[in-house]
Amino acid sequence: SLKHYSGNGYFTNKCNEWLVKNLKCKESLLVHSCTAALEISAILLNIKAGDEIIMPSYTFVSTANAFVLRGAKIVFIDVDKKTLNINPKLIEKKITKKTKAIVPVHFTGYMTDMIKLKKISKKHNIPIVEDACQSILASQNKYIAGTIGSTGCFSLHPLKNLNVWSDGGVIITNNSKLNKDLKLLRNHGLISRDEIEIMGYNSRLDTI
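Residues numbered from 1 in each chain as written. Predicted model: local features only at pLDDT ≥ 70, side-chain atom pairs only at ≥ 80, totals over all residues. Heavy atoms only, no water.

**A word on the overall build of the protein chain**
Inference 1: A tally of regular secondary structure across the protein chain gives five helices and eleven strands.
Inference 2: On C-alpha atoms alone, the protein chain measures out to a radius of gyration of 16 Å, which is about the 17 Å that the 2.2 N^0.38 rule sets for 208 residues.
Inference 3: C-alpha extents for the protein chain along the principal axes are approximately 55 × 35 × 25 Å.
Inference 4: Taking all 208 residues of the protein chain together, the buried fraction comes to 48%.
Inference 5: Restricting to contacts in the protein chain with at least 6 residues of sequence separation, those with at least 24 account for 57%.
Inference 6: Here the protein chain has roughly 11,200 Å² of accessible surface; of this, 53% comes from carbon and sulfur atoms.
Inference 7: In the protein chain, 29 side chains carry a positive charge and 17 a negative one; their mean positions are 7 Å apart. (Helix = DSSP H or I, 4+ residues; strand = E, 2+ residues; numbered from the N terminus. Rg over C-alpha atoms; globule rule 2.2 N^0.38 Å. Buried < 20%, exposed > 50% of the residue type's maximum accessible area, 1.4 Å probe, protein only. Contact = heavy atoms within 4.5 Å. Areas by Shrake-Rupley, 256 points an atom, 1.4 Å probe, with all protein chains shown as cover. Lys, Arg positive; Asp, Glu negative; His and termini not counted. Charge placed at Lys NZ, Arg CZ, Asp CG, Glu CD.)

Here you go:
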């Protein structure tokens, strides 16, 4: 309904449809911030106390907080001086048995070298969470920002290149196994108005 102003309204769904089409992903959901998208990603990957998360040393605090709040230890990697993105050449020597995710940050539209990062991820069987907060619609060869990792997280904050009037974000995935839990976590864990399947959050972005 056009008069449905809360999350999952007409325009919210139209926006999600546009994102699925243009990002070429299986699932796109608007959330209230990129921080929420990162926090949901940490939960989807079942990050626990003592787990190690690799990410660039040059990023905003919420990239780390999303995983620290789950008890994880952050392993910072220096960035490439030309792009200010994580330097893939420095990642493998930091991988341990406790490494549970690699979180590249695509800085100001410049994507991390995802070809190299994808090879590292596959070799060590470590999932990627893309913090693509500033890089919606960016691409690198055949890869679109946010679509390579288990999840991709974008910001719609007024300072970003695609934004809403107050604050907002997007979480996307191409992993069909994560789709159901992603939807549940975003909406209180509800499968109906009065039935809860898992513990969840109110992370929806309202239609206005």
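The structure having been displayed, the exposition proceeds.
**Here we look at the sheet that holds strand β2 (residues 52-56)**
Inference 1: Taking strand neighbours across the sheet as the criterion, the three strands line up as β3-β2-β4 in an open arrangement whose pairing is parallel. Taken across any chain shown, the strands that pair with only one partner, and hence form the sheet edges, are β3 (73-77) and β4 (99-102). Pairs of neighbouring strands in the sheet enclose a mean axial angle of 30°, with direction left out of account.
Inference 2: By the bridge criterion, three bridges tie β2 to β4 in an arrangement that is parallel. Note on β4: the bridge partner recorded for Ile 53 is Ala 101. (Pairing = 2+ DSSP bridges. Axes fitted to C-alpha atoms, helices over the stretch in contact; angles between N-to-C directions.)

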